[in-house]
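# Structural features, examined
Here's the letter readout for the chains.
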Amino acid sequence: MSYHCFVIKCGGSTLAALPSSFFDDMRKLQQEGAIPVIVHGGGPAISSTLEQLGIESVFVNGLRKTSEEVLDVVEMVLAGRINKEIVRKIQESGAKALGLSGVDGQLIQAKPVDNTEEVGWVGDVTAVNAELIQGIVSMGYIPVIAPIGIGEDGSQRFNINADTAAGAVASRVGVERMIVVTDVPGVMKTVDGEKKVLPSVTVQEIDQMIESGEIYGGMIPKVRAAVQCIQGQVREVVIVDGTVPEVLSKVIQGEAIGTRIVKEA
Ligand SMILES: Nc1ncnc2c1ncn2[C@@H]1O[C@H](COP(=O)(O)OP(=O)(O)O)[C@@H](O)[C@H]1O
Ligand SMILES: CC(=O)N[C@@H](CCC(=O)OP(=O)(O)O)C(=O)O
């Protein structure tokens, strides 16, 4: 795939806070020849809809325990409301967007995770229909992908963590870069009693920080997906705060922003 193609993972933590200028920046980059592919989350919206329905949210190691009932809500919220909200915002900026979930065109094929008895219908990605993504971008549309996977038999749906899904799409489409947009300015570490954003982290530092508990919760699947990506073709993964003005352009221009996870020399 094109050298200029990049995956943007938009976290549910920050979607509502993303200013319209974020989407204007995306349109500008596309006009300049970059090719954005979006994979989005929506964890908080799923949890609040479940709460309205009187269903408790349970997480096992950061993954939502997904019963058949929960899976219906996950698909409804991610592939429905959240996906269309992002499509609308991109269209409002003047760019073309096409929303789909991993079920459509068998975009994200998945199999049950190993600890399925604990977490239920949560999936790991087995294949990505990269040709479909290439087709959509060649027509000038920005693909907006909800992280629902489809099993090999074509009938079973799976709930996939959005960071994991974004990492798999980035690796398998063979993009240059993945930008993880979230609600913190990057991977943070307390040094001499002061919380600082790390400009870059190595795979070894990531392992140590998970071990020590300095990286926890929702940051764990992000750094794990980043590590997986950079072991393939992806050159760098950058974790940034989506509310920083022109954050996408800044990352692409190589400005010192957020936390970069790059291949070690
Ligand atoms: N070392 C760390 N640096 C920054 N954030 C961290 C770190 N460890 C854990 N976190 C948590 O990870 C959260 C981001 O993950 P998450 O809430 O799942 O976001 P998203 O919805 O964008 O995927 C941050 O808000 C923060 O609470
Ligand atoms: C298996 C699993 O945990 N899936 C996630 C999918 C959404 C997601 O990952 O959203 P964020 O990016 O906002 O965290 C969930 O059900 O919440």
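Calculation criteria
Residues numbered from 1 in each chain as written. Chains lettered and ligands numbered in written order. Predicted model: local features only at pLDDT ≥ 70, side-chain atom pairs only at ≥ 80, totals over all residues. Helix = DSSP H or I, 4+ residues; strand = E, 2+ residues; numbered from the N terminus. Rg over C-alpha atoms; globule rule 2.2 N^0.38 Å. Buried ≥ 20, exposed ≤ 12 C-beta atoms within 10 Å, placed from the backbone. UniProt positions renumbered as here; feature names shortened; annotations may be inferred. Expected span 1.5 Å × (residues − 1). Bend = angle between axes of the 7 residues up to and from the residue. Near = placed C-beta within 6 Å. Nonpolar A, V, L, I, M, F, W, Y, C, P; charged D, E, K, R; others polar. Pairing = 2+ DSSP bridges. Axes fitted to C-alpha atoms, helices over the stretch in contact; angles between N-to-C directions. Contact = placed C-beta atoms within 7 Å.

## Description of the overall build of the protein chain
- Helix and strand counts for the protein chain come out as nine helices and 15 strands.
- Scaling as 2.2 N^0.38, a compact globule of 265 residues should have a C-alpha radius of gyration of about 18 Å, and the protein chain matches this with 17 Å.
- If one aligns the C-alpha atoms of the protein chain with their principal axes, the spans along those axes are about 45 × 45 × 35 Å.
- Burial status across the protein chain gives 45% buried among its 265 residues.

## So, the UniProt feature "domain: Aspartate/glutamate/uridylate kinase" (unreviewed entry) in the protein chain
- The positions that UniProt labels "domain: Aspartate/glutamate/uridylate kinase" (unreviewed entry) are, in the present scheme, residues 5–241.
- Helix makes up 40% of residues 5–241 and strand 27%. Its end C-alpha atoms lie 20 Å apart.

## Overview of helix 3 (residues 68–93)
- The terminal C-alpha atoms of helix 3, which comprises 26 residues, lie 37 Å apart, in line with the 38 Å expected from a rise of 1.5 Å per residue.
- At Asn-83, helix 3 is deflected by roughly 30°, the largest bend along its length.
- Of the residues making up helix 3, those classed as buried are Val-70, Val-73, Val-74, Val-77, Leu-78, Ala-79, Ile-82, Asn-83, Ile-86 and Ile-90.

## A word on the environment of Tyr-216
- Tracing the backbone through its elements, the reader meets Tyr-216 in the loop between helix 7 (203–212) and helix 8 (219–230).
- Sequence separation of Tyr-216 and Met-178 is 38 residues, and the distance between their C-alpha atoms is 21 Å.

## Things to note about the site of ligand 1
- Lining the immediate environment of ligand 1, one finds 17 residues, of which Gly-11, Ser-13, Thr-182, Gly-218 and Met-219 sit closest.
- Here the residues of the shell around ligand 1 sort into six nonpolar, nine polar and two charged.

## Overview of the sheet that holds strand 15 (residues 259–262)
- Across the sheet, seven strands lie side by side as 5-8-2-1-11-14-15; this open sheet has mixed pairing. At either margin of the open sheet sits one strand with a lone partner, and together these are strand 5 (96–101) and strand 15. Sheet twist, expressed as the mean angle between neighbouring strand axes with direction ignored, is 20°.
- In terms of strand pairing, strand 11 (residues 177–182) meets strand 14 (residues 236–241) through six bridges, oriented parallel. Counted as the bridge partner of Thr-182 is Asp-241 from strand 14.

## What to know about the UniProt feature "binding site: substrate" (unreviewed entry) in the protein chain
- As recorded in UniProt, the sites labelled "binding site: substrate" (unreviewed entry) are Gly-42, Gly-43, Arg-64 and Asn-159. These annotated residues cover 118 residues of sequence, and their C-alpha atoms all fall within 11.9 Å of one another, placing them together at a single site.
- Structurally, Arg-64 is set in strand 4 (residues 63–64).
- According to the C-beta neighbour criterion, Arg-64 is buried, with 22 such atoms within 10 Å.
- Apart from residues lying up to four places away in sequence, Arg-64 is in contact with Ser-57, Phe-59, Val-70 and Asn-159.
- Summarising the element assignment, Asn-159 is placed in strand 10 (residues 157–159).
- On the neighbour-count criterion, Asn-159 (27 C-beta atoms within 10 Å) is buried.
- Sequence-distant contacts of Asn-159, defined by excluding residues within four places in its chain, comprise Arg-64, Thr-66, Leu-71, Val-74, Trp-121, Val-122, Gly-123 and Ile-148.

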